Number of protein chains: 2
Amino acid sequence: MATTHKDADAGEPARGPLSGPSSRGRRRADAERSIAAIVDAAMTAFSENSEVSMVDIARVAGVGRVTLYSHFSSREELMDVVMAHAVKEANAVLGGEEAKETPAREALGELIRSSWQILGRYGRLQVAALRVLGPERMREHHNEPLVRVRNIVTRGRREGVIRDDLPEDWLVSVFYSLLHTAALEVDSGRLRPETAADALEATLLSAIGA
Amino acid sequence: MATTHKDADAGEPARGPLSGPSSRGRRRADAERSIAAIVDAAMTAFSENSEVSMVDIARVAGVGRVTLYSHFSSREELMDVVMAHAVKEANAVLGGEEAKETPAREALGELIRSSWQILGRYGRLQVAALRVLGPERMREHHNEPLVRVRNIVTRGRREGVIRDDLPEDWLVSVFYSLLHTAALEVDSGRLRPETAADALEATLLSAIGA
């Protein structure tokens, strides 16, 4: 599993006859395996309990506390890597750029439904991440997938199906905000899961449609 | 200043000839002054830095660490009282029930504008509170002011100016979510403050209007 975290062993000086390139390569591979195990464990653990301790994450990952802290100095740093990983996975599921020949309003509906399905996979991770990272850092993590929304908004304005009386940035934020609100509402029991997708789509199309 | 926090001295047994009712009353008054100073200091400190430490809050409040911890055992407990206090103030500014003779759509517009102005006073406190308390607890704090939104939604449906194809709970959440999103967007610099109120009103009226 690839992560965006830098290898904590990089640049460590050689310490004797066994520390040649192959030994260093082995330590790097060990470090990468540890990081992958920690990120996997953290993704599950944070989803189950936003206040899970670093000690518990180390236990689930099968690594020692010292190893965990050598790669991630804080819960925040670890959550940052977990979110980057989750968004990258989500972005890959969303696939490449949407077909330009699909009318923008239809493309928006499709994007709402696929984003909603993907958000469902990460269940409570977003609630935990919001607490650990704060709303602004969470939003930054979503900049890449939100490029799709921006492209549809731009195209939809040209086609006259997206409102052009409000800033584009704001319309993108409305999309992001209502999507995540719907997930929180389902999680809290205020919105029925079988109603959520339709409610979200109807609300978003009214809010940002022309 | 009244707070909702219970007096930590309540129920403490008398400890000698000086601990009569008047001495206990004095200690209770001291405790209330400390709590008020701590909540005031915390409201300012959290607004400036969501990660401010309990030690720094004690310093700004002019109380010792032991006193602070005797009243609030954690940052979360303190933030909970700060938010209760802020929402109570906000709710008082919003005033009593809205006039029933105002048409619902007009009443909704007024409520959006007054809520937006009040939210502006608490600046970055909401960002800090979201991190410390999590989105669900934050939402619970707003249940009382959101009764106004629910009443207008119910009345607006009867008047045919609020959409009736989606659950009432969801429309209330859309109001809450977009209001707080607009505040975050202004805070992050993505939305211009002079545009925000109009953008918020236009979006909300489209999202939940009939």
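Since the model is a prediction, treat every value here as computed from it, not as a measurement. The residue count restarts for each chain, going from 1 along the sequence in the order it is written. Naming scheme: in the order in which they are written, chains are lettered from A and ligands are numbered from 1. pLDDT decides what is reported in this predicted model: residues at 70 or higher carry local features, side-chain atom pairs at 80 or more are listed and counted, and totals for whole chains, interfaces and linings draw on all residues regardless. Working from all heavy atoms in the structure, the side-chain values ignore hydrogens and water.

**What about the overall build of chain A?**
Secondary structure is summarised from DSSP: a helix means a run of H or I of at least four residues, a strand means a run of E of at least two, and numbering begins at the N terminus for each. Secondary structure summary: chain A contains 9 helices and 0 strands in total. For chain A, the sequential pattern of α-helices and β-strands runs α-α-α-α-α-α-α-α-α. Within chain A, the proportion of its 210 residues that are buried is 49%. By definition in these notes, contact holds between two residues if any of their heavy atoms fall within 4.5 Å. Of the contacts made within chain A by residues no fewer than 6 positions apart, 72% connect residues no fewer than 24 positions apart. All accessible areas in this document rest on Shrake-Rupley with a 1.4 Å probe, and a residue is counted as covered only by the protein chains that are shown. In the form shown here, chain A has an accessible surface area of approximately 10,200 Å², with 51% of it arising from carbon and sulfur atoms. A 1.4 Å probe rolled over the protein chains alone gives each residue an accessible area, and that area as a share of the maximum for its type sets the label: buried under 20%, exposed over 50%, partly exposed in between.

**What about the UniProt feature "DNA-binding region" (unreviewed entry) in chain A?**
According to UniProt, the positions carrying the feature "DNA-binding region" (unreviewed entry) are residues 53-72 of chain A. Counted over residues 53-72 of chain A, helix gives 75% and strand 0%. Its end C-alpha atoms are 13 Å apart. UniProt positions are given in the numbering used here, feature names are shortened, and annotations may be inferred rather than shown by experiment.

**Topic: the interface of chain A and chain B**
Chain A puts 34 residues into the contact, and the matching count from chain B is 34 residues. When chain A packs against chain B, close to 2,800 Å² is buried across both sides, 62% of that on carbon and sulfur atoms. Throughout, the accessible surface (probe 1.4 Å) given up by two parts as they are put together, summed over both, is called the buried area. The three residues of chain A that bury the most area against chain B are Arg 131, Trp 170 and Arg 190 of chain A, which together make up 26% of that side's buried surface. For salt bridges, the criterion is a side-chain nitrogen of Lys or Arg within 4 Å of an Asp or Glu carboxyl oxygen. Linking chain A to chain B there are 6 salt bridges. Put simply, Arg 131 of chain B and Glu 76 of chain A hold a salt bridge, and the shortest N to O gap is 3.7 Å. Polar contact criterion, stated in full: a pair of N or O atoms within 3.5 Å, where within protein one must be able to donate a hydrogen and the other to accept it, and residues adjacent in sequence count only if both atoms are side-chain atoms. Inspection of the chain A/chain B interface yields 15 residue pairs in polar contact (both at pLDDT 80 or more). Within the residue set of the side of chain A that touches chain B, elements represented by two or more residues are helix H6 (125-141), helix H8 (168-188) and helix H9 (193-208) of chain A. At 11 residues, H8 of chain A tops the list of elements feeding residues into the side of chain A that touches chain B. Here the residues of the side of chain A that touches chain B sort into 17 nonpolar, 8 polar and 9 charged. Polarity classes work like this: nonpolar for Ala, Val, Leu, Ile, Met, Phe, Trp, Tyr, Cys and Pro, charged for Asp, Glu, Lys and Arg, and polar for all others, with Gly in that last group.

**Some remarks on the relation of the copies chain A and chain B**
Both copies of the chain are tied together by a single rotation about an axis and a shift running along it. For this overlay, a least-squares fit was computed on C-alpha atoms, restricted to residues scoring pLDDT of at least 70 in both copies. The two copies are related by a screw operation: chain A maps onto chain B through 180° of rotation and 0.0 Å of translation along the axis, at an RMSD of 0.1 Å. The operation mapping one copy onto its partner corresponds to a two-fold rotation axis. Take the interface residues of chain A: 100% of them recur as interface residues in chain B, which is what a same-surface contact looks like.

**Thoughts on the pattern of salt bridges**
Residues and elements named next belong to chain B. Following the criterion strictly, the structure yields 32 salt bridges over all chains and no others. Linking Asp 30 and Arg 33 is a salt bridge whose minimum nitrogen-to-oxygen distance equals 2.6 Å. Of this pair, Asp 30 and Arg 33 both sit in helix H1 (residues 21-48), 3 residues apart, which is roughly one turn of the helix. Residue classification places Asp 30 among the partly exposed positions, given a relative accessible area of 38%. In this structure Arg 33 comes out as exposed when scored by relative accessible area, which is 54%.

**A short note on the nonpolar core**
We define a nonpolar core as any set of buried Ala, Val, Leu, Ile, Met, Phe, Trp, Tyr and Cys residues linked to one another through side-chain atoms lying within 4.5 Å. Counting 128 residues, the largest nonpolar core has Leu 78 and Met 79 of chain A together with Leu 78 and Met 79 of chain B as its most contacted members. In contact with Leu 78 of chain A, not counting residues within four places along its chain, are Ile 38, Ala 42, Phe 46, Met 54, Ile 57, Leu 68 and Phe 72 of chain A.

**Re empty space enclosed by the protein**
The way it works is a 1 Å grid over only the protein atoms, where trapped points that fit a 1.4 Å probe form a cavity and open points with protein on both sides within 12 Å along at least five of seven lines form a pocket, and then any residue with an atom within 4 Å of a point lines it. Grid points are joined across faces, edges and corners, and a volume is the space filled by probe spheres set on the points. Here the structure, examined in full by the defined rule, presents 5 cavities of 30 Å³ or more. Looking at the largest cavity, its volume works out to about 520 Å³. For the largest cavity, the lining is made up of 28 residues, of which Leu 130 and Thr 181 of chain A together with Leu 130, Thr 181 and Leu 184 of chain B are closest to its centre. When the residues that make up the lining of the largest cavity are grouped by side-chain class, the tally is 10 nonpolar, 10 polar and 8 charged.

**Section: the packing of helix H5 (residues 104-121) of chain A against helix H7 (residues 143-158) of chain A**
Residue and element names in this part refer to chain A. Where helices are involved, their axes are fitted lines through C-alpha atoms of the stretch in contact, as for all axes, and angles between N-to-C directions lie from 0 to 180°. H7 packs onto H5 with a crossing angle of 160° between their chain directions and a minimal axis gap of 9 Å. Relative to H7, the element H5 lies roughly antiparallel. Note on packing geometry: the crossing formed by H5 with H7 is left-handed. Contacts between H5 and H7 involve Ala 104, Ala 107, Leu 108 and Leu 111 on the former and, on the latter, Arg 148, Val 149, Ile 152, Arg 155 and Gly 156. Classifying every residue of the contact of H5 with H7 gives 6 nonpolar, 1 polar and 2 charged. Orientation categories follow fixed angle ranges, with anything under 35 degrees roughly parallel, anything over 145 roughly antiparallel, 65 to 115 roughly perpendicular, and all other angles oblique. Crossings are classed by handedness, with left-handed meaning an anticlockwise turn of the near helix from the far one by less than a right angle and right-handed meaning a clockwise turn.

**Some points on the environment of Glu 185 of chain A**
Assignment of secondary structure puts Glu 185 of chain A in helix H8. A sequence separation of 11 residues divides Glu 185 of chain A from Ala 196 of chain A, and the C-alpha atoms of the two residues are 8.6 Å apart.

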